[in-house]
Amino acid sequence: MPPYTIIYFPVRGRCEAMRMLLADQGQSWKEEVVTMETWMKGSLKASCLYGQLPKFQDGDLTLYQSNAILRHLGRSLGLYGKDQQEAALLDVVNDGVEELRCKYALLIYTNYEAGKEEYVKALPGYLKPFETLLSQNEGGQAFIVGNQISFADYNLLDLLLIHQVLAPSCLDSFPLLSAYVARLSARPKLKAFLSSPEHVNHPINGNGKQ
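If you check an unreviewed UniProt entry, the chain appears there as Glutathione S-transferase from Vulpes vulpes. The heading Function (unreviewed entry) in the UniProt record of the chain holds the text "Conjugation of reduced glutathione to a wide number of exogenous and endogenous hydrophobic electrophiles." Under the Catalytic activity (unreviewed entry) heading, UniProt states for the chain: "RX + glutathione = an S-substituted glutathione + a halide anion + H(+)".

So this is what it looks like as structure tokens:
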């Protein structure tokens, strides 16, 4: 039986970065899909620490909060930088990813029709810090920090992919980010996952907007 279990809705949402990480690292995992009907009954929600999904199990360890789960996988699978300095920089990156993901979620779930144009117009300003970070690490030809992939790379990659769906030309003025997405997406195990039904057939968000 796989050591990892993801308990989540049938969407990419806040679990796709951890799925990409696990797939790329050759790890197996189990999915327990929660329908909205099941969730609305309330008993699972009441049992979750913060009343939210995802819920993640690593053997007998139960975790909540998607970024805590990513950091746990980063530590346990050697994806948290080579030293404390790199780990600190990865935290900076991941917190930046979370900040933009929250802006994205606010748009998707509360203001999509009225706010999309303004959001897309502001997007270059939101993406520029990640282009800057890439440029400061091996000329943007490697990963976001250091010379090995990290949990933050998977989170950033997911964030960039969903924004390319929202605004297909959003990376056109960011050559390093464009190349980064192409380079990471071409990693054999990750490429296989990204073309699999498990990824392709899952909606990005729970309300169908993207």
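S.K.: I'm lost on the overall build of the chain in this one. Help?
M.R.: Counting its secondary structure elements, the chain contains 10 helices and 4 strands. Start at the N end of the chain and walk to the C end: the helices and strands fall as β-α-β-α-α-β-β-α-α-α-α-α-α-α. In terms of overall dimensions, the chain is globule-like: its C-alpha atoms have a radius of gyration of 17 Å, near the 17 Å expected for 210 residues. Oriented by its inertia axes, the alpha-carbon framework of the chain measures out at about 50 × 45 × 30 Å. The buried share of the chain, taken over its 210 residues, is 48%. A separation of at least 24 residues holds for 69% of the contacts in the chain among residues at least 6 apart in sequence. Roughly 10400 Å² of accessible area belongs to the chain as shown, and the carbon and sulfur atoms make up 55% of that amount. For the chain, the distance from the average site of its 20 positive side-chain charges to the average site of its 22 negative ones is 3 Å.

S.K.: In this structure, what is going on with empty space enclosed by the protein? I would like to understand it.
M.R.: Where empty space is left can be seen by rolling a probe of water-molecule size over the atoms. A complete count under the given rule lists 1 cavity of 30 Å³ or more for this structure. In this structure, the largest cavity encloses a volume near 50 Å³. What lines the largest cavity is Arg-14, Ala-17, Ser-66, Asn-67, Leu-70, Glu-98, Arg-101 and Asn-155. Breaking the lining of the largest cavity down by element, the ones donating at least two residues are helix H4 (66-76) and helix H5 (84-110). Within the lining of the largest cavity, the residues separate by chemical class into 2 nonpolar, 3 polar and 3 charged.

S.K.: What is the right way to read the packing of H5 against helix H6 (residues 112-135) from this model?
M.R.: Packing of H5 against H6 leaves a shortest axis separation of 10 Å and a crossing angle of 170°. Considering their axes alone, H5 and H6 lie roughly antiparallel with respect to each other. On H6, the residues that touch Val-93, Gly-96, Val-97, Leu-100, Lys-103, Tyr-104, Leu-107, Ile-108 and Thr-110 of H5 are Tyr-112, Gly-115, Lys-116, Tyr-119, Tyr-126, Leu-127, Phe-130 and Leu-133. Taken together, the residues of the contact of H5 with H6 break down into 12 nonpolar, 3 polar and 2 charged.

S.K.: I would appreciate a short explanation of the packing of aromatic side chains in the present structure.
M.R.: Each aromatic ring pair is characterised by the separation of its centres together with the angle its planes make. Applying the stated rule across the entire model yields 6 aromatic pairs. Grouped by ring-pair contacts, the aromatic residues Tyr-8, Phe-9 and Trp-39 constitute a single cluster. One Lys or Arg, Lys-103, reaches over the ring of Tyr-126 and ends 5.0 Å from the middle of that ring.

S.K.: Hey, could you run me through the pairing of strand E1 (residues 4-8) in this one?
M.R.: Along any regular strand the residues' side chains alternate between the sheet's two faces. For E1, the tally of buried residues reaches 5 of 5 residues, placing the bulk of the element in the interior. Burial of the side chains of E1 extends over both faces: Tyr-4, Ile-6 and Tyr-8 are buried on one face and Thr-5 and Ile-7 on the other. The sheet contact formed by E1 and strand E2 (residues 29-33) spans 5 bridges and is parallel. Looking at E2, one finds that Tyr-8 is bridged to Val-33. A crossover connection joins E1 to the parallel E2 through helix H1 (residues 16-24); in handedness this β-α-β unit is right-handed.

S.K.: In this structure, what is going on with the side chain of Thr-5? I would like to understand it.
M.R.: Tracing the sequence through the fold places Thr-5 in strand E1. Its relative accessible area of 4% is what places Thr-5 among the buried residues. Beyond its immediate stretch of four places on either side in the chain, Thr-5 contacts Lys-30, Glu-32, Lys-55, Phe-56 and Gln-57.

S.K.: What should I look at first to understand the sheet that holds E2 in this one?
M.R.: Sheets are built from strands paired through backbone hydrogen bonds, the pairs being either parallel or antiparallel. Strand order in the open sheet made by the 4 strands is E2-E1-E3-E4, with mixed pairing throughout. The sheet is open, and its two edges are formed by E2 and strand E4 (61-64), each paired on a single side. Neighbour-to-neighbour, the strand axes of the sheet open up by a mean angle of 20°, direction not taken into account. Taken strand by strand, H4 contacts E1, strand E3 (55-58) and E4, and its axis lies near 135° from that of E4.

What counts and what doesn't
Residues numbered from 1 in each chain as written. Predicted model: local features only at pLDDT ≥ 70, side-chain atom pairs only at ≥ 80, totals over all residues. Heavy atoms only, no water. UniProt positions renumbered as here; feature names shortened; annotations may be inferred. Helix = DSSP H or I, 4+ residues; strand = E, 2+ residues; numbered from the N terminus. Rg over C-alpha atoms; globule rule 2.2 N^0.38 Å. Buried < 20%, exposed > 50% of the residue type's maximum accessible area, 1.4 Å probe, protein only. Contact = heavy atoms within 4.5 Å. Areas by Shrake-Rupley, 256 points an atom, 1.4 Å probe, with all protein chains shown as cover. Lys, Arg positive; Asp, Glu negative; His and termini not counted. Charge placed at Lys NZ, Arg CZ, Asp CG, Glu CD. 1 Å grid on protein atoms, 1.4 Å probe; cavity = no way out; pocket = protein on both sides within 12 Å on 5 of 7 lines; lining within 4 Å. Points joined across faces, edges and corners; volume = space filled by probe spheres on them. Nonpolar A, V, L, I, M, F, W, Y, C, P; charged D, E, K, R; others polar. Axes fitted to C-alpha atoms, helices over the stretch in contact; angles between N-to-C directions. Parallel < 35°, antiparallel > 145°, perpendicular 65-115°, else oblique. Phe/Tyr/Trp six-rings, centres within 6.5 Å; stacked < 30°, edge-to-face > 60°. Lys NZ or Arg CZ within 6 Å of the ring centre and 35° of its normal. Pairing = 2+ DSSP bridges. Right-handed = clockwise from strand over helix to strand, strands pointing away.

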